[in-house]
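# Understanding the architecture of this molecule
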2 protein chains.
Amino acid sequence: MKTCIHRKKTRSVFIDNVQIGGNAPVVIQSMTCTDTRDVKATTLQIKQLENEGCEVVRVAVPDEEAAASLLHIKHKIKIPLIADIHFHYRLALSAIKNGADGIRINPGNIGRSGLLKIIEYAKERQTVIRIGINSGSLEKNLLKKYGGPTASALVESALNNLAFFQEAGYDAIKLSVKSSDVITMIEAYRELSKKTDFPLHLGVTEAGSLMNAAIKSSVAMGILLHEGIGDTIRVSVTGNPVSEIGVAYGILRAMGIRKIGPDIISCPTCGRCEIDLCKLTQEVENKVAGMKEYLKIALMGCVVNGPGEAAEADIGIAGGRGYGLLFKKGQVIKKVKEKEFAETLLNEIHSMVAERKET
Amino acid sequence: MKTCIHRKKTRSVFIDNVQIGGNAPVVIQSMTCTDTRDVKATTLQIKQLENEGCEVVRVAVPDEEAAASLLHIKHKIKIPLIADIHFHYRLALSAIKNGADGIRINPGNIGRSGLLKIIEYAKERQTVIRIGINSGSLEKNLLKKYGGPTASALVESALNNLAFFQEAGYDAIKLSVKSSDVITMIEAYRELSKKTDFPLHLGVTEAGSLMNAAIKSSVAMGILLHEGIGDTIRVSVTGNPVSEIGVAYGILRAMGIRKIGPDIISCPTCGRCEIDLCKLTQEVENKVAGMKEYLKIALMGCVVNGPGEAAEADIGIAGGRGYGLLFKKGQVIKKVKEKEFAETLLNEIHSMVAERKET
C-alpha cells in the first residue's frame, strides 16, 4: 500500500488528549444516536464506538437534562466527548461545565450575544469549538446573496463566524462546511482550505443509509483527502453509528493515509473461480473484524490473477480445484485443502500479528 | 445536484449499440459469477443485472464449452456481451464467432502470435477489444524493470500492447490498468490518460466484499472521474455482481455525472431525532429501489436541519413529534401523521414521476 498524499499543514487543536490538525493523523469521529438523557444507553453506544476505533464522539444536547448527563457519561468513557449544540447558548455553557471536551455549534441558529457568552466560558476551560456550518441552516442573508446554499455561501458563513470568534479573542477552533450534495461539499472545503489554515472537519451531511453514506463519503472525502484537505472526518450514517467507523477506516486505508485494520483483497468470483470464495471471504472478514493491525490479506479464487496478487500481499491464498497455495510475503508456505483455508489462514494471521508485537 | 466535471475527450468505440468514450455517458459494466457453461444460470444473472441498470456484461470464457454457450446466451439478453479471455487465443476466436460483442484479453498471458490471430478475426467482425492490464499478471520484464506492479509498469504494459495492436492495424480498443491498490490504480489511469486518448475502463481489481469494494471503488473512481478520466466503470465485488450496479450508479450520482435513480438524503438520527427515521429510510429505500427516475428525496428526523434540507430536495419529509411536514420543491404540501409518512411520500413520488413522463 502506498500513498501520494501531501496533507495541507493546518493549525492544531487538542480535544482533551486528541490532536486534530497540525501533523496529527486524520482523526475519526462519530456521533451517538441515543437519547443523551439516557446515560446507560449513550455510554454503551460510546463504548461500542470506542471498540470499533472511534477516536472522538459527539452527543446531541437538546436540553438541560441532556447537558447534565454529560457529567455521568464523561466518567465512563475513554475518548473525548463533544456536545452538539443548537439554538440555546446556555446549553453550551452547561455542557462545558459538565465536562464536554469540545462543543459543536451551528452559529446559524445561535445569536451573536449568545456566542460571546460561549466564547467567554470556553476560554476559561480551553474548550475546542467547532463552527459547524451546514447547508440546511445557513444564515438567511447568505442564502439570499448566493441564491441558495452554494459552496461560496457555506465558506462565507464559516469565515464570517471565524472572524467573529477571532475578534473575540478565541482560536481553539475547527471548521466544517457540510452539504448533502457531494460536489457542493467538495467545492466548499476546497475553497475554505485555500482561505484558512484552521483544522477542517470533513463530512457529507444527511448522507443516507449505510451504503449510500459509504459511497457519498468515500467519493467526497477521497477527493478532498487526496488533495491534502481534512484533519478529522465523520461518515454520517442513518442508523447505528457503529457502522460509520469501519467505513471511515476503509476510506483512510484505501488512501494509504492510516494503515489500521486488515485490507482484504478478494477477486470478484468470475466463472473461472474454482473455490467457494464468497464463503471464505465472509468467514475471514468476520474473524478479522475489529483487528487493529494492518495486514494485506489476499483471497483469490483462481490461477489467473491469484498467485500474482497474493504475492503482493502480506499473506494470501490462491485457490485451485479443492486445494490452495498459502503465501506469506511472496513465499509459498504450504499447500492447503479447501476446507482448511480459513482456519490455516487465520492461524497464520494471528502468528504474524503476534510476531510483530514481539519485535 | 450539480457537477463540475469536464470529461476528457476520448475516441469512441461501439460495443454493439453501446457507445463508450467520445461524448457518451459513463457506461456501467459488470461481470457474471456463474459458470458460463450453465446457460440458464448465466442468462438469469444477466437479466437481473439488466434490471438493475447494467449496460454491458462480461462473462468468463475459460474453455470451448463456455465459448459455445455465448451463442445461446446472446439471444436471450438485451445488453452487449463481452467475453473474458485468458491464456488461449482460440477461445477469443470462438467467442467472437458465437456472438460476443466485445472481448477482454489480458495480453500478459496470451502470446503475440495468438494476439495477431485475434486481431485478424476481430477486424472482420469489428469486435471491440479491451486490453485489460492487471497488476496480478504483468509481463515479467516489466515487473523486473519497475521492481513490481507499479503504476508506470501498468501504463507501459498498456501502451506497449496498444502499439502492437495499432501496428497490426486495429484500433477498436479500450484500455484498463487495474490494481488492487487504490493509489496505484489512480496513478496508473492518470498517467495513461495523459498518454493516450483511447477510451478507459476504470476498475479497482480484487476490491473485496460489497462494503470494501464500494469504499475502494468510490474513492478511486471518484478521484479519477472528478479529473475527467474514465469512460466506463466496473465495481468489482466478491459476491453477487447484481449489487455492483447500485454502487456504480451511486458513485455517478454522487459526482453529478449521471442522474439516474433516487438520491435519498437522510440525517444521521442524532439524539434530537423524534421520529423512527431508520425505519422510514429503510422502507422508502426498499420501495424506490430499482426506480430509474432521478429524484432527490429528503428524510429528515428533526427540526434543526430538516426544513432547510428538505427545501433543497424535490420532495421531503421533515419530521417532528409524531407528525411531519411534506415538502415538494420547497413548498409545504401538507402535514402528515408519522405512521403515514412512507405511504404519503411514496404516493407523491409516484405522481411526480408520472407527471414528468407526461410532460
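See the structure above.
Residues numbered from 1 in each chain as written. Chains lettered and ligands numbered in written order. Predicted model: local features only at pLDDT ≥ 70, side-chain atom pairs only at ≥ 80, totals over all residues. Heavy atoms only, no water.

## Things to note about the overall build of chain A
- Each helix and strand counted, chain A has twelve helices and 15 strands in total.
- Against the globule reference of 21 Å for 359 residues, chain A gives a C-alpha radius of gyration of 23 Å, in line with a compact fold.
- Counting only C-alpha atoms, chain A reaches 70 × 45 × 35 Å along its principal axes.
- Scored against the burial criterion, the 359 residues of chain A give a buried share of 64%.
- For chain A, contacts bridging at least 24 residues in sequence account for 64% of all contacts bridging at least 6.
- For chain A, the accessible surface area stands at approximately 13200 Å², while carbon and sulfur atoms represent 50% of it.
- Averaged over its 47 positive side-chain charges, chain A has a centre that lies 2 Å from the centre of its 40 negative ones. (Helix = DSSP H or I, 4+ residues; strand = E, 2+ residues; numbered from the N terminus. Rg over C-alpha atoms; globule rule 2.2 N^0.38 Å. Buried < 20%, exposed > 50% of the residue type's maximum accessible area, 1.4 Å probe, protein only. Contact = heavy atoms within 4.5 Å. Areas by Shrake-Rupley, 256 points an atom, 1.4 Å probe, with all protein chains shown as cover. Lys, Arg positive; Asp, Glu negative; His and termini not counted. Charge placed at Lys NZ, Arg CZ, Asp CG, Glu CD.)

## A look at the pairing of strand β13 (residues 315–319) of chain B
Residue and element names in this part refer to chain B.
- Across the five residues of β13, five count as buried, placing the element largely inside the fold.
- The alternating pattern of β13 places I315, I317 and G319 on one face and G316 and A318 on the opposite face, and all of these are buried.
- Between the antiparallel neighbours β13 and strand β14 (residues 323–328) lie three residues, among them G322 with a positive phi of about 80°. (Pairing = 2+ DSSP bridges.)

## Quick notes on the packing of aromatic side chains
- Counted under the stated rule, the structure contains two aromatic pairs over all chains.
- Aromatic pair F164(A) and F165(A): ring centres 6.3 Å apart, planes at 80°, arrangement edge-to-face. An identical accessibility class is assigned to F164(A) and F165(A); each is buried.
- Cation over ring: R112(A) sits above F164(A), and NZ or CZ is 4.3 Å from the ring centre.
- A cation over a ring is seen here: K335(B) above Y323(B), with NZ or CZ 4.6 Å from the ring centre. (Phe/Tyr/Trp six-rings, centres within 6.5 Å; stacked < 30°, edge-to-face > 60°. Lys NZ or Arg CZ within 6 Å of the ring centre and 35° of its normal.)

## Some points on the side chain of D314(B)
Residue and element names in this part refer to chain B.
- Locating D314 in the fold gives a position in the loop between α11 (306–312) and β13.
- For D314, a relative accessible area of 10% corresponds to the buried category.
- Residues within four places of D314 in sequence aside, it is in contact with Y294, L295, K296, F327, K328, K329, M352 and R356.

## Points about the sheet that holds strand β15 (residues 331–337) of chain A
Residue and element names in this part refer to chain A.
- Sheet architecture is open: five strands sit in the order β11-β12-β13-β14-β15, paired in mixed fashion. The open sheet has two edge strands with one neighbour each: β11 (262–266) and β15. Averaged over all neighbouring strand pairs, the angle between strand axes comes to 20°, with direction disregarded.
- Where strand β14 (residues 323–328) meets β15, six bridges bridge the pair, whose relative direction is antiparallel. Bridged to K328 within β15 is Q331. (Axes fitted to C-alpha atoms, helices over the stretch in contact; angles between N-to-C directions.)

## Digging into the interface of chain B and chain A
- Between chain B and chain A, the contact holds 78 residues from the first and 78 residues from the second.
- Between chain B and chain A, roughly 5900 Å² of surface is buried when both sides are summed, and carbon and sulfur atoms account for 59% of that area.
- Counting across the interface, chain B meets chain A through two salt bridges.
- For D263(A), the salt bridge is made with K216(B), and the minimal N-O distance between the two is 2.9 Å.
- Among the elements that make up the side of chain B that touches chain A, the one with the highest residue count is helix α8 (residues 210–226) of chain B (eleven residues). (Buried area = accessible area lost by both parts, 1.4 Å probe. Salt bridge = Lys/Arg side-chain N within 4 Å of Asp/Glu carboxyl O.)

## Observations concerning the packing of helix α7 (residues 182–195) of chain A against helix α8 (residues 210–226) of chain A
Residues and elements named next belong to chain A.
- With their axes 10 Å apart at the nearest point, α7 and α8 run at an angle of 25° to one another. The pairing of α7 with α8 is recorded here as roughly parallel in orientation. α8 is crossed by α7, and the crossing has right-handed handedness. Residues V182, M185, I186, Y189 and R190 of α7 touch α8, and the partners they reach there are K216, V219, A220, I223 and L224.
- Of the residues belonging to the contact of α7 with α8, the class tally is eight nonpolar, no polar and two charged. (Parallel < 35°, antiparallel > 145°, perpendicular 65-115°, else oblique. Left-handed = near helix turned anticlockwise from the far one by under 90°. Nonpolar A, V, L, I, M, F, W, Y, C, P; charged D, E, K, R; others polar.)

## Details of the environment of I5(A)
Residue and element names in this part refer to chain A.
- With respect to the secondary-structure elements, I5 resides in the segment before β1 (12–15).
- On a C-alpha basis, the gap between I5 and V57 in space is 26 Å, while along the polypeptide they are 52 residues apart.
- What I5 contacts, discounting residues up to four positions off in sequence, is L225, H226, G228, M255 and I257.

## Looking at helix α4 (residues 112–125) of chain B
Residue and element names in this part refer to chain B.
- Under the 1.5 Å per step criterion, the end-to-end length of α4 is 20 Å for 14 residues, consistent within 8% with the ideal 20 Å.
- Listing the buried residues of α4 in full gives G114, L115, I118, I119, Y121 and A122.
- Close packing links the buried residues of α4 with α3 (89–97), β6 (102–105), β7 (128–134) and α6 (151–167).
- One or two steps after α4, the chain reaches Q126, where phi turns positive at roughly 55°. (Expected span 1.5 Å × (residues − 1).)

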